[in-house]
Amino acid sequence: MTVWLKDRTADELHEALAPLGVTRRTARRLQAAAVRRDLLPSHLPEVSDQVLARVRDAVRLPRLVLRDKRVSARDGFTKYLFEGEGQGLFEAVRIPLLHRAGKGRYVVCVSSQVGCPLGCAFCATGRMGFTRNLAAWEMVDQVVRIQADSRHPVRGVVFMGMGEPLLNYEAVVRAARILSEPCGGAVAAKAISISTAGIVPGIRRFTADRLPFRLVVSLLAAVSARRQMLMPVETAHPLPELMAAVRDHHAATGRRVVLAWTMISGFNTREADAVELAGLLAGLPVTLDLIDVNDATGRFRPPSAEELRAFRDALRKHLGEPVARRYSGGADIHAACGMLATTGAAAEQGGS
Ligand code: SF4
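Residues numbered from 1 in each chain as written. Predicted model: local features only at pLDDT ≥ 70, side-chain atom pairs only at ≥ 80, totals over all residues. Heavy atoms only, no water.

**Looking at the pattern of salt bridges**
Okay, so step 1: Tallying each qualifying case throughout the model produces 25 salt bridges.
Okay, so step 2: Here Glu 46 ties to Arg 25 by a salt bridge, and the two come within 3.4 Å at their closest N and O atoms. Remark: Arg 25 occurs in helix α2 (residues 24-36) and Glu 46 occurs in the loop between α2 and α3 (49-58); sequence separation between them is 21 residues.
Okay, so step 3: The partner of Glu 271 in a salt bridge is Lys 317, and the shortest N-O contact between them spans 3.3 Å. Pair noted here: Glu 271 is in helix α11 (residues 271-280) and Lys 317 is in helix α12 (residues 305-318), with a separation of 46 residues, a long-range link.
Okay, so step 4: Given the relative accessible area of 62%, Lys 317 is considered exposed.
Okay, so step 5: The structure contains a network of salt bridges with shared partners spanning Lys 6, Asp 38, Arg 63, Asp 141 and Arg 145. (Salt bridge = Lys/Arg side-chain N within 4 Å of Asp/Glu carboxyl O. Helix = DSSP H or I, 4+ residues; strand = E, 2+ residues; numbered from the N terminus. Buried < 20%, exposed > 50% of the residue type's maximum accessible area, 1.4 Å probe, protein only.)

Written out as structure tokens, the structure reads:
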């Protein structure tokens, strides 16, 4: 059986290759070569030529094909269109963080599925429907390919691209482990975020597995009937169940949960929304990330500057928890949150 590199953690690689004489140390070196340098070594210190030849016969180093790349003239966000080894194309976005102490670094927003079955009304990915889950290596290689194309290091990964990560739980968690292990992508586990629109069994599994990654839950509304209007997932996993899972996650991990609030003018930026949210979150330490909706169809609009100011004032008054405004860039190349929606050809367009 062929062992796919970039698709297993170093321990899993060791387990698969141990019968060929591969030690744990050698497995780590193979992992570093595949994930950091995108190669299968022809020589490794302390490894005999015979063992390495057996390894080379037994493994495969898969690579995504880059079909398109677009750079935002506005903010430097860069969108990559990839083809993997299954049906459909998918996108990843490189987010520049170039201001800290003059040192450049990037965060990569990774897709976990081709399309998405959840169909959030404000999201272009949701409108494409669902094609398939991505394999772990197809997520790892989005970061590998983008790192190879970048002047600065990738220091963070967010699973917020196309798809609902917790509906592809095993592959997503494996990819996050590979990207965070020191002999793999070496991205700090706390700099890896896994986002969900509210898949309760996935959140409970995430909590039970004691994963070191950050969980981000997309709320949109604090009242079930309003959330259901734009997020069909609310029917299967209603807010009371979702919030119970989020509260249990906080109780088990002690971590402040990050809640994403995609702001839609006239829908969820009123003072009443802040009051309802404060009621829903009472006693739960959270960070609220405010993100502008990005809807290329024009049906949903972000709040005006005045609306935003009033909403932030209302949150300050009623919520009393940290609120952060998250810039979602690359709108001019359809790379912003909710805009990832390639449909098959190497054309552009491009959520959780
Ligand atoms: Fe899927 Fe996220 Fe888009 Fe909702 S917002 S349809 S969960 S990709």
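**A closer look at the sheet that holds strand β5 (residues 89-97)**
Okay, so step 1: Pairing is mixed in the open sheet, where 10 strands are placed in the order β3-β4-β5-β6-β9-β10-β11-β12-β13-β14. Lying at the two open borders of the sheet, with one neighbouring strand each, are β3 (65-71) and β14 (323-326). Taking each pair of neighbouring strands and ignoring which way they run, the sheet shows an average axis angle of 25°.
Okay, so step 2: Across 6 bridges, the pairing between β3 and strand β4 (residues 78-83) is antiparallel. The partner of Lys 69 across the bridge, within β4, is Tyr 80.
Okay, so step 3: Taken strand by strand, helix α5 (residues 136-148) contacts β4, β5, β6 (105-109) and β9 (154-159), and its axis lies near 45° from that of β5. (Pairing = 2+ DSSP bridges. Axes fitted to C-alpha atoms, helices over the stretch in contact; angles between N-to-C directions. Contact = heavy atoms within 4.5 Å.)

**Quick look at the domain arrangement of the protein chain**
Okay, so step 1: Segmentation of the protein chain into domains returns domain 1 (3-60) and domain 2 (65-349).
Okay, so step 2: Distance between the C-alpha centres of domain 1 and domain 2: 33 Å.
Okay, so step 3: For the pairing of domain 1 and domain 2, the buried interface totals around 1,300 Å² over both sides, and the portion due to carbon and sulfur atoms is 53%.
Okay, so step 4: Interface area lost by domain 1 to domain 2 is led by Lys 6, Asp 7 and Val 35, which between them contribute 40%.
Okay, so step 5: Inspection of the domain 1/domain 2 interface yields 4 salt bridges.
Okay, so step 6: As a salt-bridge pair, Arg 145 and Asp 38 come within 2.7 Å of each other at their nearest N and O atoms. (Domains from an automatic or database assignment. Buried area = accessible area lost by both parts, 1.4 Å probe.)

**Notes on helix α10 (residues 239-253)**
Quick reminder: α-helices carry 3.6 residues per turn. Residues three or four places apart thus point the same way.
Okay, so step 1: Across its 15 residues, α10 extends 21 Å between first and last C-alpha, which sits within 8% of the 21 Å expected from 1.5 Å per residue.
Okay, so step 2: Those residues of α10 that fall on the buried side of the exposure criterion are Leu 239, Leu 242, Met 243, Ala 245, Val 246, His 249 and His 250. One side of α10 holds all its buried residues, which, seen down the axis, span an arc of 155°. Within α10, the exposed residues directed more than 90 degrees away from the buried face are Pro 240 and Ala 251.
Okay, so step 3: Close packing links the buried residues of α10 with α7 (200-208), β11 (214-218), α8 (224-230), α9 (233-236), β12 (257-263) and α11. (Expected span 1.5 Å × (residues − 1). Arc of directions from axis to C-beta.)

**With respect to the pairing of β11**
Okay, so step 1: Most of β11 sits inside the fold, with 4 of its 5 residues counted as buried.
Okay, so step 2: Bridging between strand β10 (residues 192-196) and β11 involves 4 bridges; their strand directions are parallel. Across the sheet, the residue bridging to Ser 193 is Arg 214, located in β11.
Okay, so step 3: Handedness of the crossover joining β10 and β11 through α7 is recorded here as right-handed. (Right-handed = clockwise from strand over helix to strand, strands pointing away.)

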